[in-house]
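Spelled out, the chains give:
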Amino acid sequence: MITLSVPGSLEYRDVAVRVVGAACKLFGPPKRDDRRASEPVAAVAPEEKARGELADAFVMAVVSAFSEAFNNLALHGYRGVTDKSALGRIDIKVYAQPIDDESGAVVIEVTDTGHAFDPAQYLELPDELPERGMGLFIIRSFMDEIRYEKGPPHTLTLVKRWSLASSTAAASP
Amino acid sequence: MITLSVPGSLEYRDVAVRVVGAACKLFGPPKRDDRRASEPVAAVAPEEKARGELADAFVMAVVSAFSEAFNNLALHGYRGVTDKSALGRIDIKVYAQPIDDESGAVVIEVTDTGHAFDPAQYLELPDELPERGMGLFIIRSFMDEIRYEKGPPHTLTLVKRWSLASSTAAASP
Amino acid sequence: MGHTRSDNGEETLVSIDGTLDALTAPELRPTLDAIVAEGRKNVMLDLSSLRLIDSSGVGALVSLLKRVRAYGGEVRISGLRDQPLAIFKLLQLNRVFPGQPGA
Amino acid sequence: MGHTRSDNGEETLVSIDGTLDALTAPELRPTLDAIVAEGRKNVMLDLSSLRLIDSSGVGALVSLLKRVRAYGGEVRISGLRDQPLAIFKLLQLNRVFPGQPGA
Ligand SMILES: Nc1ncnc2c1ncn2[C@@H]1O[C@H](COP(=O)(O)OP(=O)(O)O)[C@@H](O)[C@H]1O
Ligand SMILES: Nc1ncnc2c1ncn2[C@@H]1O[C@H](COP(=O)(O)OP(=O)(O)O)[C@@H](O)[C@H]1O
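Report follows, based on the coordinates.

**What to know about the relation of the copies chain A and chain B**
Right, so step 1: For these two chains of identical sequence, chain A goes onto chain B by a turn of 180 degrees and a shift of 0.0 Å along the axis, with RMSD 0.0 Å. The two molecules are tied by a two-fold rotation axis, judged by turn and shift. Closest approach to the rotation axis within chain A is made by the C-alpha atom of Leu-4 of chain A, at a distance of 2.2 Å.

**As for the pattern of salt bridges**
All names here are of chain C.
Right, so step 1: Within the structure shown, the criterion is met by 30 salt bridges over all chains.
Right, so step 2: A salt bridge links Arg-5 to Glu-38; the shortest N-O distance between them is 2.6 Å. Taken together, the positions of Arg-5 in strand 1 (residues 2–8) and Glu-38 in the loop between helix 1 (25–37) and strand 3 (42–46) put the pair 33 residues apart, joining distant regions of the chain.
Right, so step 3: Glu-38 gets classed as partly exposed once you look at its relative accessible area, which sits at 48%.
Right, so step 4: For Arg-81, the salt bridge goes to Asp-82, with nearest N and O atoms at 2.9 Å.
Right, so step 5: Looking at Asp-82, the relative accessible area reads 55%, which means it is exposed.
Right, so step 6: Salt bridges linked by common partners bring Arg-5, Asp-7, Glu-38 and Arg-40 together as one network.

**Some words on the site of ligand 2**
Residues and elements named next belong to chain B.
Right, so step 1: Close to ligand 2 lie Asn-72, Leu-73, His-76, Gly-77, His-115, Phe-117, Tyr-122, Arg-132, Gly-133, Met-134, Gly-135 and Leu-136.
Right, so step 2: Between Gly-133 and ligand 2, the recorded distance is 2.7 Å, taken from a backbone N or O atom to an oxygen atom.
Right, so step 3: One of the backbone nitrogen or oxygen atoms of Leu-136 is found 2.8 Å away from an oxygen atom of ligand 2.
Right, so step 4: When ligand 2 is considered free in solution it has 540 Å² of accessible area, and contact with the protein chains removes 84% of it.

**Some points on the interface of chain A and chain B**
Right, so step 1: Counting residues at the interface gives 18 residues for chain A, matched by 18 residues for chain B.
Right, so step 2: The contact between chain A and chain B buries some 1400 Å² in all, and 61% of this surface belongs to carbon and sulfur atoms.
Right, so step 3: On the surface where chain A and chain B come into contact, there are zero salt bridges.
Right, so step 4: Run the count over chain A and chain B and you get four residue pairs in polar contact (both at pLDDT 80 or more).
Right, so step 5: Counting residues per element, the ones that place at least two in the side of chain A that touches chain B are strand 1 (2–7) and helix 1 (13–27) of chain A.
Right, so step 6: By residue class, the composition of the side of chain A that touches chain B is 11 nonpolar, two polar and five charged.
Right, so step 7: Pairing between strand 1 of chain A and strand 1 (residues 2–7) of chain B: three bridges, direction antiparallel. Along strand 1 of chain B, the bridge assignment pairs Ser-5 of chain A with Thr-3 of chain B.

Rules used throughout
In this numbering scheme, every chain counts its residues from 1 along its sequence in written order. The lettering of chains begins at A and the numbering of ligands begins at 1, in the order of writing. pLDDT decides what is reported in this predicted model: residues at 70 or higher carry local features, side-chain atom pairs at 80 or more are listed and counted, and totals for whole chains, interfaces and linings draw on all residues regardless. Hydrogen atoms and water are omitted, and side-chain values are computed over all heavy atoms in the structure. When the copies are superposed, the least-squares fit takes in the C-alpha atoms of residues with a pLDDT of at least 70 in both. Here, a salt bridge means any side-chain nitrogen of Lys or Arg that lies within 4 Å of a carboxyl oxygen of Asp or Glu. Helix and strand labels come from DSSP, where a helix needs a run of H or I of at least four residues and a strand needs a run of E of at least two; each type is numbered from the N terminus. The cut-offs for exposure are 20% and 50% of the maximum accessible area for each residue type, with area from a 1.4 Å probe on protein chains only; residues under the lower value are buried, those over the upper are exposed, and the others partly exposed. The near set for a molecule or strand comprises every residue that places at least one heavy atom within 4 Å of it. Any pair of nitrogen or oxygen atoms within 3.5 Å is treated as a polar contact; in protein, a donor-acceptor pairing is required on top of that, and neighbouring residues in sequence qualify only through side-chain atoms on both sides. Surface exposure here means Shrake-Rupley accessible area, sampled with a 1.4 Å probe, where a residue is shielded only by the protein chains that are shown. Whether two residues touch is decided by their heavy atoms; if any such pair falls within 4.5 Å, the residues are in contact. The term buried area denotes the loss of accessible surface (1.4 Å probe radius) that occurs when two parts are joined, taken as the sum for both partners. As a working rule, the residues Ala, Val, Leu, Ile, Met, Phe, Trp, Tyr, Cys and Pro are called nonpolar, Asp, Glu, Lys and Arg charged, and the rest polar, with Gly in that last group. The criterion for strand pairing is that DSSP finds at least two bridges linking the strands in question.

Here it is, written out as structure tokens:
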């Protein structure tokens, strides 16, 4: 498990996104199959390519969703906090939930002490040409599970699953 | 303050180094002088260049020193731990120590529960062509202060100061 | 995020690189507002060096699109790839923003 | 870290990119060991794409240098810059490793 704690302000988003991105590489779908390291490169190559794409898409989805969650905390959760020293924090836990050798999940728990909200209220895009209100839609679309536990502290849990079966199937001749 | 906690193993070094690098950008010498934003670009340019170099060198030094400290914990501090689930953690705190508008310091505290050691024993390079034993030399050379408090938990504190006076002096015609 | 604007006759080209998000989108706003204030009708966004975008970044571009269309202009995009492409597809904006002229 | 080895007559060129550190140096070892086992006398390390090095990475390169010198060969480096250059200067290794032939 990796834990990170930063002040609830947009400046810290970049640090948090980097941690989540790196955590996906550690806990998400592996790019290389170490068990096949002794096989000839040609046999492994197409599968490696499919795995690489699976891993990249995984990181992309999780980083996109997490960024929206972080934005919401800094912009809405801690809205109206003008005294910087009184600013609440954003605590992030990232860990792997192993399923088997070929699949697993990455879980991200984001905890804050700001305003609460009800994610069930924001299920659809507000407009055909939306300028805001897309954050929760992006989170829901890119993650497999989203849970919210009202506090304070409030915890938003994001879960993204992966399975090598989908990538190896695509790569098989 | 930013806090990060990871298992005491080399795989997590990259996450930790990213956080420390990003923290240096937030807490170290600023690249831009926001007070001069309204001045013509030509007047600001040479100073911005000097500031950019100061900031880059600062991040380089801190990241290099911190990487060595992390290596040492994973390789020596938690040496001999074979059961991964019993592996101790590395807790990292990074914060700014403001001095004035023109200078400050970044403080990194690294805490572990592994073997203790005495940094005062490793003051010099072991050899003219060293293959090991360079870590503490690098830490000492790149940081302004290093403190070690024996526990457990043990805490290694690294301090690096910065001052814009040196960069603006260099950039003045 | 970095961006450049260049005017070439009727066309205005805006190239955006790096990360366009809640933190950096405000830096882009004055450039977009000026384009609207000047009533530029043919705006091209080069997003080939854009690495990451979030909903705030998308919001800034959609706002530009709406305002330029309001006076009869058009905003095209080119070079969309990786994460920004995934976001545009998800929000079905790749249909809303036309691509290169003639493409 | 990525690395490539190519042999051109007498010379062996090893290009190393990315981060050479405690985690990745072990991946480089087999290549360096093979160079020594084959007794290659003229080794050039291209470090122009090396972004970050730590003491373990330096240790691997110094170990190569010592072993190649032991049988009368030489290891040169080229392209050192940024953080790796700072580390080599600090450890005074830029004097130990000769640069390009004739440089
Ligand atoms: N962490 C949060 N704390 C408080 N309110 C939130 C939080 N996240 C979202 N909200 C509320 O949900 C609404 C929809 O969020 P979102 O879909 O991300 O769009 P946007 O942030 O662009 O408004 C927000 O406008 C806000 O009122
Ligand atoms: N965090 C630590 N815990 C235990 N021992 C340490 C720690 N850091 C350093 N040491 C001891 O100090 C020695 C010198 O460290 P260093 O200068 O980094 O070189 P190296 O790691 O290459 O040996 C190490 O070999 C080790 O015995």
